[in-house]
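Here are the chains, one letter per residue:
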Amino acid sequence: MSMKNNTLKGITYQFRLNSEVENNAVLPDSFFHQNERPHPNFVVARDSNQKPISVYKDNKWDWTAYHPYSNNFILDFTTWHGGNLTQHAFEIVNELKWLMFIVFWISNGRSKAASTIYIYMRLFNKLAVYATSENVKVATILQEPKMASKFLDKYGDFYSTTLYSLLNIIKTETESVTSIRSLPSKSLNAISIRSQKYYTSHNQHPPIPTKILTRLLGQIDIALTEFDKYSEEYLNLTGRILDNNQLGINRSSQSEIFKKEGIKKEFHKHYRPIFKDIISETSISEYLLKNNINSKKQLLKHLGDILFLAKINVLAYSGMRHMEAANVKYDCLEIFFQHNKEHYLVRGETTKLNHGIVKQAKWVISTEAVSAIKIAKKIAKFTYKKLKLYNGTEESINNLLLFPGLRALNARDIITSLKPENVKYISKPMALSSVIKDSPSSPILANLISYITEEDIRELEQIDAHRDWRSEKKFVIGKEWTITAHQFRRSLALYATNSGLVSLPSLRRQLQHITNEMSAYYSKGSSFAKDILGCDSDFVSEYQKTIPESEALSYIKNILLSDEKLFGAHGAWLSVNKDKSSSIFFQDRDETKKKFENGQLHYQETVIGGCTGTSQCIERATRSIVACVECAGGIIVSSKLDKVISSQESVVSSLQHDSIVYRTEKDDLDKLIVVRERIKMKNLEV
């Protein structure tokens, strides 16, 4: 990455460029002059032609070249005002520019990501508004403890962390450099405490309850599968309508087009079929009517909805963040073989945990996500062909977005003038819930809506018993579940690490492939994960950190809170302790979680109950069911044992009686029956 680091008497200038633009854009000026403000013509930004594009005196700084994804990244120091600047407002604008300069040129420490810039700008805008209302300078708010406290009282502790960071920078650089007096340590500590309290009260993203997640993924799979059957005809029809601006629109609109083109009479000779007539002629009319597609606009809208569902599918099965998925390229899929099995990775980029600088990353995915990616590629290729960016070769679009914004198709006279490397900026990720809410006429998006039930709330309470779910407005029974992109990441990490937490067979089927894949690559002790992914994907770390939490929740839900009497070595111990004190496990919930985090306890669901063994199991490779019976860490649930015996009886009855396999399976069956008889005897003793 490009970075300049010039130091002069404690003044350090650090500014990084992301990897995508380091060869095309150049850095702003360096700052060397202690105890002085930058010159009005000090260059704060240059464009790709090395031409100064913004200088210090400008009220707007164009930092587009320094943002990893945006093509319109402007720091506007007047946006808080919204009118002609008064003398006081003009002075505040100059203060804001100086504060930004202090943060990014003068302060020591690591370089700041683009997302950090946004956060500082939000704080600066609020400081400007407050300074105006109090008829003071921004510096006064930063220098006076009471003013700083009243500012947070008015606008909320959300700003406390950024304010504390800014005040620390001012304190470190001294008044002689910043011209701003630092707050006393006591006042700084008070703001720090407010910041800590805000974040400790800030709730984690909830996992999606299993029934809602199952239904959601199921509806997406149905919609994508159905579209894929008609995709070729659908794209052909869309292409025909896009190529002819008269085709598919009503007669009055066509007449207006004729007039603009100089045709003044005999319109009937030039009319093209309206959308209703086109539908009646096409072989996919039933699909179009089913999805409420009765206009050119809705034809494109539905295509965008399918692309949206494909993106959600990738989010759900990969663990990506929304921005990471939005910037995945067309040529993202990587297929390889290991242990005679086909595996899939998605190549992409991330700026997380890398100070806002783009780095390459990879995510493990399953066949469900692969199917979604293939559908997205069909739509993307169609889009780039219409935008004249696809010339028949994959190489021409490999580095363009997999999920382009389809609105470009309605303005392709403008978009076609863009260079291919700029087309990646067409797609802007929107909140998932907003897209769904704004599409009431789309059946496939309406099907994503689920309503919260008592069962969903109880499941959330099992996952986090200390959070008052029922008091939060987002989790009212009967209300729509609000879908966010990060919920998929949280849900995948939690559910896939240990499927024993999930009792619904439908969810197990839904996540089966991805669970196996992730277990193969991301689980603790897997050197293969490091070989394939290294430190490229921070989801590896998140996945591994979630394993103890998931194991603990599964253990609490399926074992400690089980209504059945437990058997086996560990199961018998638990049953005895439950009888002695029925509340012990509820009181020790946090302690139980800590034991899992410290490696003192492990849990994995088995076909006859569970396993709490902390050492490596040598029996698992041979799939020996009977071995779990005598294991010191084994737990036997009688209802599960009955099901296994019933299944084993079916296996034995289907085998040749004189075969070795029969004798082996019959021996296992006999041992299981003996165990069941022992359990019955113990129950009778009770």
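Not measured: the values here are computed from a predicted model.

K.L.:
Outline the overall build of the protein, supporting the account with residue identities and numerical values.
P.N.:
The helix and strand inventory of the protein stands at 28 helices and 13 strands. For the protein, the accessible area works out to roughly 34,500 Å², and carbon and sulfur atoms hold 50% of it.

K.L.:
Now, about the nonpolar core: what can you tell me, with residues and values included?
P.N.:
Core analysis: the largest hydrophobic core is formed by 86 residues, its most contacted members being Tyr-234, Phe-308, Leu-309, Tyr-384, Leu-448 and Phe-488. Val-44, Ile-117, Met-147 and Leu-166 belong to the second largest nonpolar core, which has 55 residues in total.

K.L.:
I'd like a rundown of the pattern of salt bridges, residues and numbers included.
P.N.:
Per the stated rule, a full pass over the model turns up 22 salt bridges. The closest approach of N and O atoms between Arg-347 and Asp-331, which form a salt bridge, is 3.5 Å. Residue Arg-347 is located in strand E8 (residues 341-350), and its partner Asp-331 is located in the loop between helix H13 (322-326) and strand E7 (333-338); the two are separated by 16 residues in the primary sequence. Residue Arg-347 is classed as partly exposed on the basis of its relative accessible area of 27%. Glu-461 serves as the salt-bridge partner of Arg-470, at 2.8 Å between the closest nitrogen and oxygen.

K.L.:
Now, about the pairing of E8: what can you tell me, with residues and values included?
P.N.:
Of all 10 residues in E8, seven are buried, a share of seventy percent or more. Relative to strand E9 (residues 359-365), E8 runs antiparallel, the two being bridged by seven bridges. Residue pairing in the sheet places Tyr-344 in a bridge with Ile-365 of E9.

K.L.:
Requested: an account of unusual backbone geometry, with residues and values cited.
P.N.:
For Asn-292, which is not glycine, the phi dihedral falls at a positive 55°. Here Asn-292 lies in the loop between helix H11 (285-290) and helix H12 (296-318). With a phi close to 60°, Lys-388 is a non-glycine residue in the positive phi region. Position of Lys-388 relative to the elements: it lies in the loop between helix H14 (367-386) and helix H15 (412-415).

K.L.:
With reference to specific residues and values, describe the confidence of the model for the protein.
P.N.:
When pLDDT is averaged along the protein, the result is 77, and 74% of the positions lie at 70 or above. For the stretch residues 1-14, pLDDT sits under 50, and the model shows 50 contacts to residues farther than four places along the chain or on other chains. Confidence over residues 16-25 falls short of pLDDT 50; this stretch has 32 contacts with residues more than four positions distant or in other chains.

K.L.:
Tell me about the packing of helix H8 (residues 210-243) against H12, and please be specific about residues and values.
P.N.:
At a minimum axis separation of 9 Å, H8 and H12 run at an interaxial angle of 140°. When the axis of H8 is compared with that of H12, the two are oblique. In this structure, the crossing between H8 and H12 has a hand that is left-handed. Among the residues forming the contact of H8 with H12, the class breakdown is 19 nonpolar, four polar and one charged.

K.L.:
Before we move on, could you go through the environment of Arg-467 and cite the residues and values that matter?
P.N.:
Tracing the sequence through the fold places Arg-467 in the loop between helix H18 (454-463) and helix H19 (485-497). When the C-alpha atoms of Arg-467 and Asn-203 are compared, they prove to be 8.3 Å apart, with 264 residues separating the residues in sequence. Here Arg-467 is in contact with Asn-203, Gln-204, Glu-472 and Phe-475, once residues within four sequence places are set aside.

K.L.:
Could you give me a rundown of the packing of H8 against H14, with the residues and numbers involved?
P.N.:
Interaxial distance between H8 and H14 falls to 11 Å at its minimum, and their mutual angle equals 5°. What the angle tells us is that H8 and H14 run roughly parallel. Contacts from Leu-224, Phe-227, Asp-228, Ser-231, Leu-235, Thr-238, Gly-239, Leu-242 and Asp-243 in H8 reach Ala-372, Ile-375, Lys-378, Ile-379, Phe-382 and Lys-386 in H14. Here the contact of H8 with H14 is composed, by residue class, of eight nonpolar, three polar and four charged.

K.L.:
Describe helix H27 (residues 638-653), with residues and values.
P.N.:
An ideal rise of 1.5 Å per residue puts 22 Å on 16 residues; H27 measures up with 22 Å between its terminal C-alpha atoms. Within H27 the residues assigned to the buried category are Leu-641, Val-644, Ile-645, Gln-648 and Val-652. Seen along its axis, H27 keeps its buried residues to an arc of 105°; they face one direction. Looking at H27, the residues exposed on the side facing more than 90 degrees away from the buried face are Lys-643 and Ser-653.

K.L.:
Outline the packing of aromatic side chains, listing residues and values.
P.N.:
Within this structure, the stated rule accounts for 27 aromatic pairs. Between the aromatic rings of Phe-158 and Tyr-159, the centroid separation amounts to 5.0 Å while the plane-to-plane angle is 90°, which identifies the pairing as edge-to-face. Through pairs of rings, three or more aromatic residues link up here, namely Phe-31, Phe-42, Tyr-56, Trp-61, Trp-63, Phe-77, Trp-98, Phe-101, Phe-104, Trp-105, Tyr-120 and Phe-124. Sitting over the ring of Tyr-56, Lys-97 keeps its end group 5.8 Å from the ring centre.

K.L.:
Explain the sheet that holds strand E13 (residues 634-637) to me, using residue names and the numbers behind them.
P.N.:
Pairing within the open sheet is antiparallel, and its four strands lie in the order E10-E13-E12-E11. Each end of this open sheet is capped by a strand with a single partner; those strands are strand E10 (566-567) and strand E11 (604-606). Pairing geometry for strand E12 (residues 609-611) and E13, over three bridges, is antiparallel. When the sheet's bridge partners are listed, Gly-610 is paired in E13 with Ile-635.

K.L.:
Please set out the side chain of Ser-195 residue by residue, giving values where relevant.
P.N.:
Within the fold, Ser-195 resides in helix H7 (residues 185-200). With relative accessibility at 10%, the residue Ser-195 sits in the buried group. Not counting residues within four places of it along the chain, the set of residues in contact with Ser-195 comprises Ser-160 and Thr-161.

What counts and how
- Residues numbered from 1 in each chain as written.
- Predicted model: local features only at pLDDT ≥ 70, side-chain atom pairs only at ≥ 80, totals over all residues.
- Heavy atoms only, no water.
- Helix = DSSP H or I, 4+ residues; strand = E, 2+ residues; numbered from the N terminus.
- Areas by Shrake-Rupley, 256 points an atom, 1.4 Å probe, with all protein chains shown as cover.
- Core = buried A, V, L, I, M, F, W, Y, C linked by side-chain atoms within 4.5 Å.
- Buried < 20%, exposed > 50% of the residue type's maximum accessible area, 1.4 Å probe, protein only.
- Salt bridge = Lys/Arg side-chain N within 4 Å of Asp/Glu carboxyl O.
- Pairing = 2+ DSSP bridges.
- pLDDT = per-residue confidence, 0-100.
- Contact = heavy atoms within 4.5 Å.
- Axes fitted to C-alpha atoms, helices over the stretch in contact; angles between N-to-C directions.
- Parallel < 35°, antiparallel > 145°, perpendicular 65-115°, else oblique.
- Left-handed = near helix turned anticlockwise from the far one by under 90°.
- Nonpolar A, V, L, I, M, F, W, Y, C, P; charged D, E, K, R; others polar.
- Expected span 1.5 Å × (residues − 1).
- Arc of directions from axis to C-beta.
- Phe/Tyr/Trp six-rings, centres within 6.5 Å; stacked < 30°, edge-to-face > 60°.
- Lys NZ or Arg CZ within 6 Å of the ring centre and 35° of its normal.

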